[in-house]
Amino acid sequence: MVFVVGDAWAQRQRKVASAGNAGRTLTVLTEPNAPNAIVWLDEIRRGATDAAGRLAALKISAGPHTLRVRAAGFKEITGPVTALQRGEIKMRLVRTTDEAELTFQQAETARETAKDDESRQKAADLYRRTIQLRAAFPAAHVGLARVLLDLNDTNGALAEIEAARRYKAIYPEASAVEGRIYRESAQTDEAIGAFNRAIRESHGFQPEAHVGIGRVYEEKGQYDLAAREFQIAIDQLFETEPIIYQLLGAAYEKAGKNKEAVLAYEDYLRLAPNGSLAPAVRSIVEQLREQPPTN
């Protein structure tokens, strides 16, 4: 069965594509001896450099932005992107012997690669060691909050968010993580408040918070509102997080909007054909295509 997409949906998709194309593209250059340097744009992780220290085709919207780059063994660097800048931008990294920064880098890697509670606890210990070396390290407090949440220590996680704000009062990432903590502990009103604060603090650009609000709406059975929030996050991330398309597809599916669900699921498969959810998503798409249209 072939779905025919309605005019309103098609117009919205064209609008989204047009918005993405209206931006520009950067190539971030770091040191060749610093491969896998992580690149953030406006505090949103956008990828890592290759073996030559290069991250190409980084899509960005109009206006000024802030780049941040971190590589193991190097001092983290932050720099502006002007409103008109495009093409190559060089971010020169310098090696560091700062024990706090090096321990923090180890903690981040440990958290991102952790697959069980034992490895998560090792990450938590590294964050705590970082904070012992330098208490005024808000990113370490937020990292520790994330891993404590994964360890189901919500009180400890909230305490670390509070500690982070002592050193950085306006901190969108901290507010977004706080929202996650509240949502996962079923404190819905507090979660929405924290997510909305993250969005205000970031002047509207906070995809993690939009995803969080979307999850809250989904849990409330308000699937159209959830889909709206997931779509905002997708637009802000320039398709760098395929999993949000899966969330979007699930929201549309639960709302009974099969054709929109199929489109979202197909976008997930386009971006992550070998992703962990790909087999299940393909099966769902086949089932939805066999069903008669419901809207």
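Computed from a predicted structure; not experimentally measured.

Chemist: Kindly report on the overall build of the protein, identifying the contributing residues and their values.
Modeler: Helices and strands together make up the secondary structure of the protein, namely 12 helices and seven strands. Against the 2.2 N^0.38 benchmark of 19 Å for 295 residues, the protein shows a C-alpha radius of gyration of 20 Å, consistent with a compact globule. The principal-axis extent of the C-alpha atoms belonging to the protein is close to 60 × 45 × 35 Å. Burial statistics for the protein: of 295 residues in total, 45% are counted as buried. Taking the contacts inside the protein whose residues are at least 6 apart along the sequence as the reference set, 54% of them involve residues at least 24 apart. A total accessible area of about 14700 Å² is found for the protein, and carbon and sulfur atoms account for 51% of it. Positive and negative charge centroids in the protein, built from 39 and 40 side chains respectively, lie 4 Å apart.

Chemist: Any chance you could break down the nonpolar core for me, citing the residues and the numbers?
Modeler: Core analysis: the biggest nonpolar cluster contains 37 residues, and Phe-230, Ile-244, Leu-248, Tyr-265 and Tyr-268 have the highest contact counts within it. Contributing elements (two or more residues each) for this core: α6 (172-184), α7 (188-201), α8 (207-219), α9 (223-237), α10 (242-254), α11 (258-271) and α12 (278-290). By residue number, the principal contributor to this core is α10, which donates seven residues. With near-sequence residues (within four places) excluded, Tyr-268 lies in contact with Pro-242, Ile-243, Tyr-245, Gln-246, Gly-275, Ser-276, Leu-277, Ala-278 and Val-281.

Chemist: How would you sum up helix α4 (residues 138-150)? Please name residues and give values.
Modeler: For an α-helix the count is 3.6 residues per turn, leaving residues at separations of three or four pointing the same way. Between its first and last C-alpha, α4 extends 19 Å over 13 residues, near the 18 Å set by a 1.5 Å rise per residue. Burial within α4 is extensive, with 11 of its 13 residues counted as buried. Turning to α4, its buried residues number three or more, namely Pro-138, Ala-140, His-141, Val-142, Gly-143, Leu-144, Ala-145, Arg-146, Val-147, Leu-148 and Leu-149. Against α2 (99-113), α3 (117-133), α5 (154-167), α6 and α8 lie the buried residues of α4.

Chemist: Residues and numbers for the sheet that holds strand β1 (residues 24-29), please.
Modeler: With mixed pairing, three strands are arranged side by side in an open sheet as β4-β1-β7. Across the chains shown, the open sheet's two edge strands, defined by having one partner strand only, are β4 (54-60) and β7 (87-90). Taken over all neighbouring pairs, the strand axes of this sheet differ in orientation by 30° on average, direction set aside. The pairing of β1 with β7 spans four bridges and is parallel. Pairing of Leu-29 across the sheet is with Lys-90, part of β7.

Chemist: Would you mind going over empty space enclosed by the protein in detail, with residue names and values included?
Modeler: Inspection of the entire model under this criterion finds one cavity of 30 Å³ or more. A volume near 30 Å³ is recorded for the largest cavity. The wall of the largest cavity is formed by Leu-41, Asp-42, Arg-46, Ile-60, Ser-61, His-65, Phe-205, Gln-236 and Phe-238. Grouping the amino acids of the lining of the largest cavity by side-chain chemistry returns four nonpolar, three polar and two charged.

Chemist: Tell me about α6, and please be specific about residues and values.
Modeler: Between its first and last C-alpha atoms α6 spans 18 Å; for 13 residues at 1.5 Å apiece the expected length is 18 Å, and the two agree. Summarising burial for α6: 10 of the 13 residues are buried, a large majority. Within α6, the full set of buried residues consists of Pro-172, Ala-174, Ser-175, Ala-176, Val-177, Glu-178, Gly-179, Ile-181, Tyr-182 and Arg-183. Along its buried surface, α6 packs onto α4, α5, α7 and α8. Ala-186 sits one or two positions beyond α6 and adopts a positive phi of about 65°.

Chemist: Please provide a residue-by-residue account of the packing of aromatic side chains, values included.
Modeler: This model, assessed by the stated rule, comprises two aromatic pairs. Here Phe-104 and Phe-137 contribute two aromatic rings whose centre-to-centre distance is 4.7 Å and whose plane-to-plane angle is 40°, an arrangement assigned as tilted. On the criterion of sequence distance, the pair formed by Phe-104 in helix α2 and Phe-137 in the loop between α3 and α4 is long-range, its members being 33 residues apart. Taken as a pair, Phe-104 and Phe-137 share a single burial class, namely buried. Put simply, the rings of Phe-104, Tyr-127 and Phe-137 touch in pairs and so form one group of aromatic residues. For the cation-ring pair, Arg-68 lies above Trp-40, with the distance from its terminal atom to the ring centre recorded as 4.1 Å. Positioned above the aromatic ring of Tyr-171, the side-chain terminus of Lys-168 is 4.2 Å from the ring centre.

Analysis parameters
Residues numbered from 1 in each chain as written. Predicted model: local features only at pLDDT ≥ 70, side-chain atom pairs only at ≥ 80, totals over all residues. Heavy atoms only, no water. Helix = DSSP H or I, 4+ residues; strand = E, 2+ residues; numbered from the N terminus. Rg over C-alpha atoms; globule rule 2.2 N^0.38 Å. Buried < 20%, exposed > 50% of the residue type's maximum accessible area, 1.4 Å probe, protein only. Contact = heavy atoms within 4.5 Å. Areas by Shrake-Rupley, 256 points an atom, 1.4 Å probe, with all protein chains shown as cover. Lys, Arg positive; Asp, Glu negative; His and termini not counted. Charge placed at Lys NZ, Arg CZ, Asp CG, Glu CD. Core = buried A, V, L, I, M, F, W, Y, C linked by side-chain atoms within 4.5 Å. Expected span 1.5 Å × (residues − 1). Pairing = 2+ DSSP bridges. Axes fitted to C-alpha atoms, helices over the stretch in contact; angles between N-to-C directions. 1 Å grid on protein atoms, 1.4 Å probe; cavity = no way out; pocket = protein on both sides within 12 Å on 5 of 7 lines; lining within 4 Å. Points joined across faces, edges and corners; volume = space filled by probe spheres on them. Nonpolar A, V, L, I, M, F, W, Y, C, P; charged D, E, K, R; others polar. Phe/Tyr/Trp six-rings, centres within 6.5 Å; stacked < 30°, edge-to-face > 60°. Lys NZ or Arg CZ within 6 Å of the ring centre and 35° of its normal.

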